[in-house]
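Survey of secondary and tertiary structure
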Amino acid sequence: MRRPLIAGNWKMHKNIREASEYIRELNELPWDDSVEVAVIPPFTCLFAFREARSRSRIRYGAQNMFWAREGAFTGEISPLMLLDLGCEYVLIGHSERRQIMGESDRMINDKLRLALETGLFPILCVGETLEERENGNAKEVVGEQVRQGLQGVIPHPGVVIAYEPVWAIGTGVNATASDAQEMIHFVRDIAKKEWGSQVSDQLRILYGGSVKPANIGEFMSQDDIDGALVGGASLDPKVFADIINFRST
Ligand code: PEP
């Protein structure tokens, strides 16, 4: 039985005061404890999560990390620094980083391997562009991102994969639940071929792309979808709580 994971990616939003208020508000709202909840704020807000840790049910992580433990890498963040801040998760290869910052599958694989080595749970983000989907290449593209992302990685059930079609991120246009299920099933099959069914059956694979309270129930009713990576709709704690409580929304 895979425990659902609902993770909120704040991207480049909120300051420290807003983060502290959000942590208090979300913790005061009722949510279903059978669901794991994580927030992925900007680096500058991570200390607010660490400070609140003893009175908070929210797990947290970072939006990116570098592929080395330390060194002359101005402007980068080491996984060891994230662990120091109490992070459990780290997003690896979000499409905004692939597209805007030019991250390659090779860089993503280096980051993923170091995340696991140091004790962070990576959330590997994969997804096709609209053009790739329209050309009928969606599975080929996503399959390659998964294979390259996991290359040389020792099978680990703590790896999380987020299937996020690029055309659905921040656009208000979500994939249909059955299209997301089909792709996520395909991703689990790749993990099965690489890592065997014992591990692939335990892997949590999320859907991301314009998730909101009105559509989360449909995604979560699919066999292979184990949760969601939520951008815009995670910024308001009440809306995010409605997504977390997908069983009653
Ligand atoms: C994301 O940033 O990963 C995302 C899925 O964003 P949104 O929910 O806003 O589409």
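Our structure's up above, just so we're on the same page.
Residues numbered from 1 in each chain as written. Predicted model: local features only at pLDDT ≥ 70, side-chain atom pairs only at ≥ 80, totals over all residues. Heavy atoms only, no water.

1. Structural notes on the pairing of strand β3 (residues 59–62)
Pairing between strand β2 (residues 36–40) and β3: two bridges, direction parallel. Its bridge partner lying in β3, V39 is registered against Y60. For the crossover from β2 across helix α2 (residues 46–51) to β3, the handedness is right-handed. Chirality of the crossover, the property in question, places the unit of β3, helix α3 (residues 79–84) and strand β4 (residues 89–92) among those that are right-handed. (Pairing = 2+ DSSP bridges. Helix = DSSP H or I, 4+ residues; strand = E, 2+ residues; numbered from the N terminus. Right-handed = clockwise from strand over helix to strand, strands pointing away.)

2. Things to note about the packing of helix α5 (residues 105–118) against helix α7 (residues 138–150)
At a minimum axis distance of 7 Å, the contact between α5 and α7 shows a crossing angle of 45 degrees. The orientation of α5 with respect to α7, classified from their angle, is oblique. Seen from above, α5 lies across α7 with right-handed handedness. Contacts between α5 and α7 involve D105, N109 and L112 from the first element and Q145, Q148, G149 and L150 from the second. For the contact of α5 with α7, a count of residues per class yields two nonpolar, four polar and one charged. (Axes fitted to C-alpha atoms, helices over the stretch in contact; angles between N-to-C directions. Parallel < 35°, antiparallel > 145°, perpendicular 65-115°, else oblique. Left-handed = near helix turned anticlockwise from the far one by under 90°. Contact = heavy atoms within 4.5 Å. Nonpolar A, V, L, I, M, F, W, Y, C, P; charged D, E, K, R; others polar.)

3. What about the pattern of salt bridges?
Within this structure, the stated rule accounts for 22 salt bridges. Across the pair K111 and E103 runs a salt bridge whose closest N-O atoms are separated by 2.8 Å. Using a relative accessible area of 8% as the deciding quantity, one classes E103 as buried. Here R133 makes a salt bridge to E128, at a shortest N to O gap of 2.6 Å. Classification of R133 by relative accessible area gives partly exposed; the value is 26%. One connected set of salt bridges, linked through shared partners, spans R2, R188, D224 and D226. (Salt bridge = Lys/Arg side-chain N within 4 Å of Asp/Glu carboxyl O. Buried < 20%, exposed > 50% of the residue type's maximum accessible area, 1.4 Å probe, protein only.)

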